[in-house]
Amino acid sequence: MRLIEILLSLSFIFIFSIAIGRFSFAFNDVNTRICEVKEKSDSLFFISESFRKTCEGKGFSSLEEWQKVCGAMWKLDYIAWSDACEFMPVEKGEIFYGTWRNSFLSGEVYYR
């Protein structure tokens, strides 16, 4: 084999290696974002659905338990619930409101 063929082969391998490296970094970044979106979606679904079910008398035994469990499970900085009549013109006990947040996610849910 001539020296020029060896140099061309090595150049091709080098360029191919760089391309594979960039692809793996891009793939890792996309995978990380997908995991973040999935975790956010799962947490929003779980917290809001468990709030609704607790208001219906299913799921957690009380909204205080919902607050403690969801706060610990999703590492929330703040989670609370209240009767919506405290800040909206509705009849007492007719609409319940839940809210939560941390640096990664936030949400709120209402239940009639």
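Look a little higher up for the structure.
Residues numbered from 1 in each chain as written. Predicted model: local features only at pLDDT ≥ 70, side-chain atom pairs only at ≥ 80, totals over all residues. Heavy atoms only, no water.

Caption draft 1: Spotlight on helix α1 (residues 3–55). Under the 1.5 Å per step criterion, the end-to-end length of α1 is 78 Å for 53 residues, consistent within 8% with the ideal 78 Å. The complete set of buried residues in α1 reads S43, I47, S48, S50, F51 and T54. Here the buried face of α1 lies against α2 (63–73), β1 (78–83), β2 (96–101) and β3 (106–111). G57 sits one or two residues past α1 and shows a positive phi near 90°. (Helix = DSSP H or I, 4+ residues; strand = E, 2+ residues; numbered from the N terminus. Expected span 1.5 Å × (residues − 1). Buried < 20%, exposed > 50% of the residue type's maximum accessible area, 1.4 Å probe, protein only. Contact = heavy atoms within 4.5 Å.)

Caption draft 2: Seen up close, α2. Turning to α2, its buried residues number three or more, namely L63, W66, C70 and G71. When α2 is viewed along its axis, its buried side chains cluster within an angular range of 115° and face the same direction. Facing away from the buried side of α2 by over 90 degrees, the exposed positions are K68 and A72. Elements that come into contact with the buried residues of α2 comprise α1, β1 and β2. Of the residues one or two after α2, K75 is the one with positive phi, at around 50°. (Arc of directions from axis to C-beta.)

Caption draft 3: Representation of the state of the cysteines within the structure. Applying the stated criterion across every chain, the model contains zero disulfides. For the unlinked cysteine C55, the closest cysteine sulfur is that of C70, found at 12 Å. Residue C70 is classed as buried on the basis of its relative accessible area of 0%. (Disulfide = S-S within 2.5 Å.)

Caption draft 4: Inspection of the packing of aromatic side chains at higher detail. This model, assessed by the stated rule, comprises six aromatic pairs. Between F12 and F16 the ring centres are 6.2 Å apart and the planes differ by 15°, which places this aromatic pair in the stacked class. Taken together, the residues F12 and F16, both in helix α1 and four residues apart, mark about one turn of the helix. A relative accessible area of 59% means that F12 is categorised as exposed. Here the aromatic rings of F51 and W66 are separated by 5.0 Å at their centres, their planes lie at 65°, and the arrangement is edge-to-face. (Phe/Tyr/Trp six-rings, centres within 6.5 Å; stacked < 30°, edge-to-face > 60°.)

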